[in-house]
Amino acid sequence: MEDQTKFKLQVKAIYRMLLGIFGIFAIAAFTILVLLSNPQLLVKSKPGVQALNEGYSSVPAEDDYDKIENGIHVRTGLVDAEGLMTVVNNCTNCHSAKLVTQNKMNEERWISTIRWMQETQNLWDLGPNEEIIVNYLVTNYPPTKKGRRENLKDIEWYTLN
Ligand code: HEC
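The structure contained in this document is the topic of the report that follows. Here the structure is a predicted model, which is why all the values come from computation and not from measurement. Going along each chain's sequence as written, the residues are numbered from 1 onward. Only residues with pLDDT of at least 70 get local features here, since the model is predicted, and only at 80 or more are side-chain atom pairs given and counted; chain-wide, interface and lining totals rely on the full set of residues. To obtain the side-chain values, all non-hydrogen atoms of the structure were used and water was disregarded.

## Here we look at the overall build of the protein
Runs of E in the DSSP output that reach at least two residues are strands. Runs of H or I that reach at least four are helices, and both are numbered from the N terminus. Counting its regular elements, the protein contains 6 helices and 3 strands. In sequence order, the secondary structure elements of the protein are arranged as α-α-β-β-β-α-α-α-α. Burial here depends on accessible area, computed with a 1.4 Å probe over protein chains only, as a share of the maximum for the residue type. Under 20% is buried, over 50% is exposed, and the range in between is partly exposed. Taken over 161 residues, the protein has a buried fraction of 16%. A total of about 13700 Å² of accessible surface is found on the protein, and carbon and sulfur atoms cover 58% of it. To be clear on the numbers: accessible area is Shrake-Rupley with a 1.4 Å probe, and residue cover counts the displayed protein chains and nothing else.

Next comes the structure, spelled out in structure tokens:
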């Protein structure tokens with residue numbers, strides 16, 4: 001082979017090598033830039049963890065955390081009344097407060113629901129808070145009466161002929 005051709009081939013090979021190295025650097029730099037701007041891409045989270053993170057981000061800002069609006073505790077939807085925070089702190093950790101407010105019960109049934117959760121769902125011993133909680137529930141979420149309506153009063157009856 002002629003020396004000149006040999007030289008040309010060598011230049012070509014070096015050129016290709018440099019191009020390859022440059023390409024690798026470009027890809028690496030791009031990847032680093034993308035990862036720096038989206039660090040969460042590095043942490044592969046399980047769906048559960050993801051849901052938790054989304055849950056956390058939807059927690060209102062510190063100021064709104066225990067805001068009461070129109071007599072309602074905004075974060076949980078519970079009625080603002082005596083014992084509210086005791087209920088919030090003990091009854092909204094495992095499930096939505098809706099599960100609490102949708103169940104209107106008398107004292108006996110509230111207590112048996114609490115016992116059931118303690119026996120089967122790892123609900124802790126509520127101690128003196130139990131009375132506060134049950135009072136709050138019975139007062140603000142009493143059973144809805146399904147009996148017949150009250151008798152009509154002050155009605156002017158007329159006789160059918
Ligand atoms: C340790 C977790 C935990 C805590 C704390 C907890 N619960 Fe529950 N509770 C559960 C589980 C689990 C269920 C069943 C949920 C389901 O069926 O999806 C449940 C169900 C309920 C139900 C529905 C019962 C039914 O018969 O369907 C009510 C009402 C309720 N809880 C009220 C409360 C009240 C009031 C408190 C506060 C004293 C409370 N929970 C605290 C775990 C808990």
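Once the structure has been displayed, the description carries forward.
## Remarks on the coordination of the iron atom of the ligand
Counted as coordinating are nitrogen, oxygen and sulfur atoms within 2.8 Å of the metal, or 3.2 Å for Na, K and Ca, while water is not included, which may make sites look incomplete. The coordination sphere of the iron atom of the ligand, as far as protein atoms go, consists of His95 (NE2) and Met117 (SD), spread over 1.9 to 2.0 Å. Only four donors with every angle between 85 and 135 degrees are called tetrahedral; only four or six donors with opposite donors over 155 degrees apart and all others between 65 and 115 are called square planar or octahedral, in that order; all others are irregular. Geometry at the iron atom of the ligand is octahedral, judged from the 6 donor atoms that bind it and their angles of 87 to 178° at the metal. Here histidine 95, found in the loop between α3 (84–91) and α4 (97–101), pairs with methionine 117, found in helix α5 (residues 107–120); they are 22 residues apart in sequence, far enough to count as distant. Histidine 95 gets classed as partly exposed once you look at its relative accessible area, which sits at 26%.

## Remarks on the environment of glutamine 118
Of note, glutamine 118 is situated in helix α5. The criterion used for residue contact is that any of the two residues' heavy atoms lie within 4.5 Å. The residues touching glutamine 118, leaving out its near neighbours within four places in the chain, are Leu123, Trp124, Asp125, Leu126 and Glu130. Polar contacts, as counted here, are pairs of nitrogen or oxygen atoms within 3.5 Å of one another; within protein the pair requires one atom able to donate a hydrogen and one able to accept it, and residues that are adjacent in sequence qualify only if both atoms are side-chain atoms. A distance of 3.0 Å separates the side chain of glutamine 118 from the side chain of arginine 115, its partner in a polar contact.

## Focus: the packing of α3 against helix α6 (residues 129–140)
To define axes, lines are fitted to C-alpha atoms, for helices over the stretch in contact only, and angles between the resulting N-to-C directions are given on a 0 to 180 degree scale. Between α3 and α6, whose axes approach to 9 Å, the crossing angle comes to 105°. What the angle tells us is that α3 and α6 run roughly perpendicular. Residues Leu84, Thr86, Val87, Asn90 and Cys91 of α3 pack against Asn129, Ile132, Ile133 and Tyr136 of α6. For the contact of α3 with α6, the class distribution of residues is 6 nonpolar, 3 polar and no charged. Angular relationships are summarised with four words: roughly parallel below 35 degrees, roughly antiparallel beyond 145, roughly perpendicular across 65 to 115, and oblique for the angles in between. Residues were grouped as follows: Ala, Val, Leu, Ile, Met, Phe, Trp, Tyr, Cys and Pro as nonpolar; Asp, Glu, Lys and Arg as charged; and all remaining residues, including Gly, as polar.

## What about the packing of α5 against α6?
Here α5 crosses α6 at 130°, and the two axes come no closer than 9 Å. Taken together, the axes of α5 and α6 are oblique relative to one another. The hand of the α5/α6 crossing is right-handed. For the pair formed by α5 and α6, the contact residues are Glu107, Trp110, Ile111, Ile114, Arg115 and Gln118 on the first element and Glu130, Val134, Leu137 and Val138 on the second. Note: crossing handedness is left-handed where the near helix turns anticlockwise from the far helix by less than a right angle, and right-handed where it turns clockwise.

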